[in-house]
Amino acid sequence: MDNAEIAAHLEQLADLSEIAGENPFKVRAYRAAAARIRDLPTPVQELLREGGLEALEQLPGIGERIATKIVQLLETGEIEALRKLRERVPVGLLDVLAIEGVGPKKARAFWQQLGITNVDELERAARAGKLRTLPGMGERSERKILAAIERWRAHQGRYLLPDAEADMRRVLAAIRETGDAHRLEAAGSLRRRRETIGDLDVLVSASRSDRIMEAVRALSREVLGLGETRAAVVLRSGMHCDVRVVDDRSWGSALHYFTGSKAHSVALRGLARSQGLTINEYGVFRLREDGTAGERIAGDEEPEVFLALGLDYIPPELRENRGEIEAAAAGTLPVLIERADVCGDLHVHTTWSDGRESIETMARAAIERGHRYIAITDHSARLAMTGGLDAKRLREQWREIEAAQRSVGDAIRLLRGIEVDILEDGTLDMPADALAELDVVVASVHSHFGQDLETMTARLLRAIESGRVDILGHPTGRLLLRRDPYAFDPERVFAAAKAAGVALEINASPLRLDLSDTLAKAAHEAGCALVISTDAHHPTHLDFLRYGVDVARRGWCERRHVLNTEPDPERLLARLHEGHR
DNA sequence: GCCGTTTTCGGCCCGACTGTTTTCAGTCG
Ligand SMILES: Nc1nc2c(ncn2[C@H]2C[C@H](O)[C@@H](COP(=O)(O)OP(=O)(O)OP(=O)(O)O)O2)c(=O)[nH]1
Ligand SMILES: [Mg+2]
Ligand SMILES: [Mg+2]
Ligand SMILES: [Zn+2]
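These notes cover the structure that comes with them.

## Topic: the coordination of the zinc ion (ligand 4)
Donor atoms from the polypeptide that coordinate the zinc ion (ligand 4) comprise Glu419 (OE), His446 (NE2) and His474 (NE2), at 2.0 to 2.2 Å from the metal. Mapped onto the polypeptide sequence, the residues donating to the zinc ion (ligand 4) form the spacing pattern E-x26-H-x27-H. Here the residue His446 occupies a position in the loop between strand 14 (440-444) and helix 20 (453-464), and His474 occupies one in the loop between strand 15 (471-472) and helix 21 (490-500), the gap between them amounting to 28 residues. Accessibility assignment for this pair places His446 and His474 in one class, buried.

Dropping the structure here:
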């Protein structure tokens, strides 16, 4: 059972406990534990094997009770407390809880007072006008729930970054168009550069909000809520969008609030309380004896919020309550890598396999982007559907690389590379002598994703220890929103990569983002080198670098952790080859 | 259920909007 599944069990425990009327703080503890497990780079199974129950209890937010539940889950396949809860509370209510506007109290009331146990029954009851018999519910409530059920049925889930960015540009343009916005900025998960985006959150400062709200309404196909300072709408794309309007004085604290994450804000606000302060979206205030907010001491600009608490400024990408507040207090936050630090791209495809453009076209596109070097890394033969290269065609490609190099001049260095398949048994899909003549060998898994953890780990280790591999490409094999990562033990893989001097790729394709933020962090903390590569199959894909830098920043990476921040290609190659060639 | 440069008991973030309410609970950001 992988960490995502364990987290899902804890989430379910939280949801059902909540409907059952449990203490909300206990429910929150389950949710916090679920988040912690989901963020864990190492499979819990491996953690337990090495450190036992104590290793689990070491994790913040996981104590004796939850640790025991997790062990129980891994040993027996279920959590006793969850099994009992499922006997008592209909599991169909989990869907009811997912309906917007329905929380634990209403779900419970539907169930206890109307015998509703799932969404279909809720829909029938709403149509039959039965919900209005409940206290605090009327005809409008029924209509609202029916609309929410429709959205739930159509529900599109989360979005990839480029799709969210495209809609965000439209929203920002429309708000700007009103001329009433003094400042405006994308907030929420998009500002934090999370790997997928649930909805758009936009902060605006203005002295009047009516025309801004009207502009947002005009973009939407459905209005979920509309007040003086907040609007919640469904855009025509189906994406949800929340707009918050504040006045200029509140900009900093409002931006902090709306950027989140929720877990970060809750932790920061808790720290403020312990310092006799209180934070809301309007500022940082001294806390009076009676518990109300007193003198305002900060909040015009975002950095003041941190400063007021004695903290270093925490960049949005780090605001996930993963230790950033403690690091900011200790002055040990990383100096995060930036896009301008990256000097080249080490994973580029061309028409020699499944890329869309020639070597020279890709080279010129890279020059336009200021790159000092790119590695031409087409697929090896095993990936037949991509027209992958065998040793003979690989050697032919070198002549074209040389020709392209002469043609584009010395503005950029074209490196001979390959993305060689790691075959089922961990051997490489190319003879060793051919690989030895290359500048850059990226090795990746493209088949047999279903191997168990031990088999896949051994397969990756064999490739890493071959002495022929410089970079492990898209190390988990995941496709965002489409394919889960394959099972393997990152700890052993990272240890082997460090020992062999093999770098780990942060694949910057927004369909992949692989390594993920948490794994990238674990990798450099394990002493591994990283590279950020686009896996470009088209000139415009070279711009994916931004997304890779986002991941690196979310993974606490500094410039020194990423090899392709080296401007000089010869020095870069020396670093890439170090330890195994 | 977790946690502790105040603490091993008693806190645990804080406010906008909605619907139904005559003063607020529930839900959500
Ligand atoms: N203080 C506080 N802020 C919250 C709470 N819930 C949400 N926020 C803030 C922080 C969030 O980043 C921001 C936007 O809320 P969203 O629900 O859209 O979450 P976010 O954008 O982080 O993730 P998403 O990708 O949309 O799921 O609002 C909360 O319970 N308390
Ligand atoms: Mg959001
Ligand atoms: Mg939102
Ligand atoms: Zn690949």
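## A closer look at the pairing of strand 16 (residues 503-507)
Along any regular strand the residues' side chains alternate between the sheet's two faces. In terms of burial, strand 16 is a largely internal element, five of the five residues being buried. Of the two faces of strand 16, the one holding Ala503, Glu505 and Asn507 and the one holding Leu504 and Ile506 are both buried throughout. Bridge count between strand 15 and strand 16: two bridges; the pairing is parallel. Paired with Ile471 across the two strands is Ala503, which belongs to strand 16. Note: strand 16 against strand 17 (residues 530-533), four bridges, orientation parallel. From the neighbouring strand, Ile506 faces strand 17, where its bridge partner is Ile532. Handedness of the crossover joining strand 16 and strand 17 through helix 22 (residues 517-525) is recorded here as right-handed.

## What to know about the packing of helix 1 (residues 3-19) against helix 4 (residues 64-76)
Two packed helices can be described by the angle between their axes and the distance between those axes. Relative to each other, helix 1 and helix 4 sit at 120 degrees, their axes nearing to 11 Å. One way to sum up the angle between helix 1 and helix 4 is to call them oblique. Pair helix 1 / helix 4 crosses with right-handed handedness. Across the interface between the two elements, Ile6, His9, Leu10 and Leu13 of helix 1 pack against Ile66, Lys69, Ile70, Leu73 and Leu74 of helix 4. The class makeup of the residues in the contact of helix 1 with helix 4 is seven nonpolar, one polar and one charged.

How each quantity is defined
Residues numbered from 1 in each chain as written. Chains lettered and ligands numbered in written order. Predicted model: local features only at pLDDT ≥ 70, side-chain atom pairs only at ≥ 80, totals over all residues. Heavy atoms only, no water. Donors = N, O, S within 2.8 Å, 3.2 Å for Na, K, Ca; no water. Helix = DSSP H or I, 4+ residues; strand = E, 2+ residues; numbered from the N terminus. Buried < 20%, exposed > 50% of the residue type's maximum accessible area, 1.4 Å probe, protein only. Pairing = 2+ DSSP bridges. Right-handed = clockwise from strand over helix to strand, strands pointing away. Axes fitted to C-alpha atoms, helices over the stretch in contact; angles between N-to-C directions. Parallel < 35°, antiparallel > 145°, perpendicular 65-115°, else oblique. Left-handed = near helix turned anticlockwise from the far one by under 90°. Contact = heavy atoms within 4.5 Å. Nonpolar A, V, L, I, M, F, W, Y, C, P; charged D, E, K, R; others polar.

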